[in-house]
Amino acid sequence: MLHLLRLFLFDLSLCLAVLIWGLFSVISIAENGAALSDLQQKYQYLFLLCGLVVFIDRVIYYIRYYRLHILPYSLKLYNRVNDEKKESKIYLDRFKRYDKKTNTYYFKNRLAIDKEAYIKAKQQIIHLLGFEDKKEIEIEIKAYNKKEIAIRVYKLPKKFDWHIHLLKDKHIYLGHSKDGAIFLPLEDLTSSITCGESGAGKSNFLNMLILSLLHNSSYIEHLDFIDLKGVELSRYKLNNTSFTDNLEGVNDLLQELKDEMNSRFKQMKEKGDLIYDGKYRICLIDEIGTISTHHDKKLKEQIFNNLIELGQKGRASRVLIMVFSQKIDSTNINTNLLTNLQSSCLYRTSSQYNIQNSIGLQEEVEEITRTRVQDFPKGRMIFKHGLTSEKILLQTPYLSQELQYDMIKYFRSWINK
Ligand SMILES: Nc1ncnc2c1ncn2[C@@H]1O[C@H](COP(=O)(O)OP(=O)(O)O)[C@@H](O)[C@H]1O
Ligand SMILES: [Mg+2]
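Keep in mind the model is a prediction, meaning the values are calculated, not measured.

### Side note on the pattern of salt bridges
Line of reasoning, step 1. Taken as a whole and assessed by the stated rule, the structure comprises 15 salt bridges.
Line of reasoning, step 2. With a closest N to O distance of 3.6 Å, Lys 258 and Glu 309 form a salt bridge. Here Lys 258 is found in helix 7 (residues 247–271), whereas its partner Glu 309 is found in helix 9 (residues 297–317), with 51 residues between them in sequence.
Line of reasoning, step 3. By relative accessible area, Glu 309 is classed as partly exposed at 24%.
Line of reasoning, step 4. Residues joined by salt bridges that share partners form a network here, namely Asp 11, Asp 57 and Arg 58.

Rendered as structure tokens:
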């Protein structure tokens, strides 16, 4: 309380000083040369009134942001310096301002600010701000300017429907983050792994990606769908898509993709290009675990070897693989393949192995979201960018069966004509 009073008095005297100085200069210009005592008489009520307004304004400001003013004090967020005489001096962080538009609180320290301290105190900050029981509220802590920290409070939409406006030329829509729709430029697309337990929303996401890819059909030579378990991906039946549901077929297809990749590399070498300048070939594999459980060892090995090579070298030649799996441990997916899939999407899972091998350590996940990965709602995921390694919390929208069917009909009407 004493601390708050001190802050308040300091702030108030600063504001009053600025006010008096400002008023005084205006008056002295207006009343050029008048005696000081006359001025005092004439304007004393004006000074008093303005002073009162400033006082009330400051009181309201301090009452309103009471919790934020005491936050650095309560959570011991300060910077300490030792001078030559070995005396240490403490510089406490201060609440600077609140930005209503982005729902962000800014804190500042005169010397330097410690972001790690805020991240460590995240749970306490949540508690102090009164969000302990509002589990859907997320907070993001970021460094800002040179000596500031921005604490942003936001909510992601829970369930929302996909819409045709989410298709964009040369971009792939991934879902909504706190900043709105996230579109990945087609050139930034890499081979990827999506994991999460059954029912978390992987296949929904897969179909959503396919719609974005089909919208960009003019930049795509062919899309190959593989699923040994279900028939969902056989619905498309477009001139630029094909569906494979048996192991021999998968082996042939991957061999063909690898040959295509190598022939593209040959062309690139001849032309001196670093990136193939033609169209993409993208292969999407749902439930890759079903391949691993197959009894034909030799065929399996061949398939995974080709997949590894595609993962390693595919990007430059624009031959990509996108893999979906419930689990990503070595019994489901070859570890060598996993390390060669650059981007990843993590859906709800209770497997620590899934979390660590797609996004990273527990602490990294905690920096991104308050919700435990095992408690993620349907459609919630963390996306890791394949080129920048940036991690974003996203909610992917729901695509009803009817909507998917309508979209397939729509694509048939112009791709199959
Ligand atoms: N983004 C989402 N929002 C809301 N519900 C979803 C979402 N994605 C999927 N669902 C629901 O969850 C069910 C399972 O989704 P699915 O994509 O098949 O999961 P997975 O492939 O991970 O097993 C779907 O039938 C759908 O009703
Ligand atoms: Mg599925």
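Now that the structure has been shown, the text picks up again.
### Observations concerning a nonpolar patch on the surface
Line of reasoning, step 1. A surface patch of nonpolar side chains, about 370 Å² in accessible area, is lined by Leu 52, Phe 55, Ile 56 and Ile 60.
Line of reasoning, step 2. Secondary-structure assignment places Leu 52 in helix 2 (residues 36–64).
Line of reasoning, step 3. The partly exposed category is assigned to Leu 52, whose relative accessible area is 49%.

### Things to note about the side chain of Ser 325
Line of reasoning, step 1. Following the sequence through the fold, Ser 325 ends up in strand 13 (residues 319–325).
Line of reasoning, step 2. Overall, Ser 325 belongs to the buried group, its relative accessible area being 1%.
Line of reasoning, step 3. Within the local environment of Ser 325, its side chain forms a polar contact with the backbone oxygen of Lys 327, the two atoms lying 2.6 Å apart.
Line of reasoning, step 4. Not counting chain neighbours up to four residues away, the residues in contact with Ser 325 comprise Ile 193, Thr 194, Cys 195, Gly 196, Lys 202, Glu 287, Ile 288, Gly 289 and Asn 332.

### Here's the deal with empty space enclosed by the protein
Line of reasoning, step 1. Under the counting rule described, the total for this entry stands at two cavities of 30 Å³ or more.
Line of reasoning, step 2. For the largest cavity, the lining is made up of 13 residues, of which Leu 174, Leu 189, Ser 192, Met 322 and Phe 383 are closest to its centre.
Line of reasoning, step 3. Listed by contribution, the elements that provide at least two residues to the lining of the largest cavity are strand 9 (192–195), helix 6 (202–215), strand 13 and strand 14 (343–346).
Line of reasoning, step 4. Its residues assigned to classes, the lining of the largest cavity comprises nine nonpolar, four polar and no charged.
Line of reasoning, step 5. If you go around the second largest cavity, the residues you meet are Gln 267, Met 268, Lys 271, Asp 273, Tyr 276 and Asp 277.
Line of reasoning, step 6. Partitioning the lining of the second largest cavity into residue classes produces two nonpolar, one polar and three charged.

Cut-offs used in this document
Residues numbered from 1 in each chain as written. Chains lettered and ligands numbered in written order. Predicted model: local features only at pLDDT ≥ 70, side-chain atom pairs only at ≥ 80, totals over all residues. Heavy atoms only, no water. Salt bridge = Lys/Arg side-chain N within 4 Å of Asp/Glu carboxyl O. Helix = DSSP H or I, 4+ residues; strand = E, 2+ residues; numbered from the N terminus. Buried < 20%, exposed > 50% of the residue type's maximum accessible area, 1.4 Å probe, protein only. Patch = residues over 30% accessible without salt bridge, like charges linked within 9 Å, V, L, I, M, F, W, Y side chains within 5 Å. Areas by Shrake-Rupley, 256 points an atom, 1.4 Å probe, with all protein chains shown as cover. Polar contact = N/O pair within 3.5 Å; in protein donor to acceptor, adjacent residues only side chain to side chain. Contact = heavy atoms within 4.5 Å. 1 Å grid on protein atoms, 1.4 Å probe; cavity = no way out; pocket = protein on both sides within 12 Å on 5 of 7 lines; lining within 4 Å. Points joined across faces, edges and corners; volume = space filled by probe spheres on them. Nonpolar A, V, L, I, M, F, W, Y, C, P; charged D, E, K, R; others polar.

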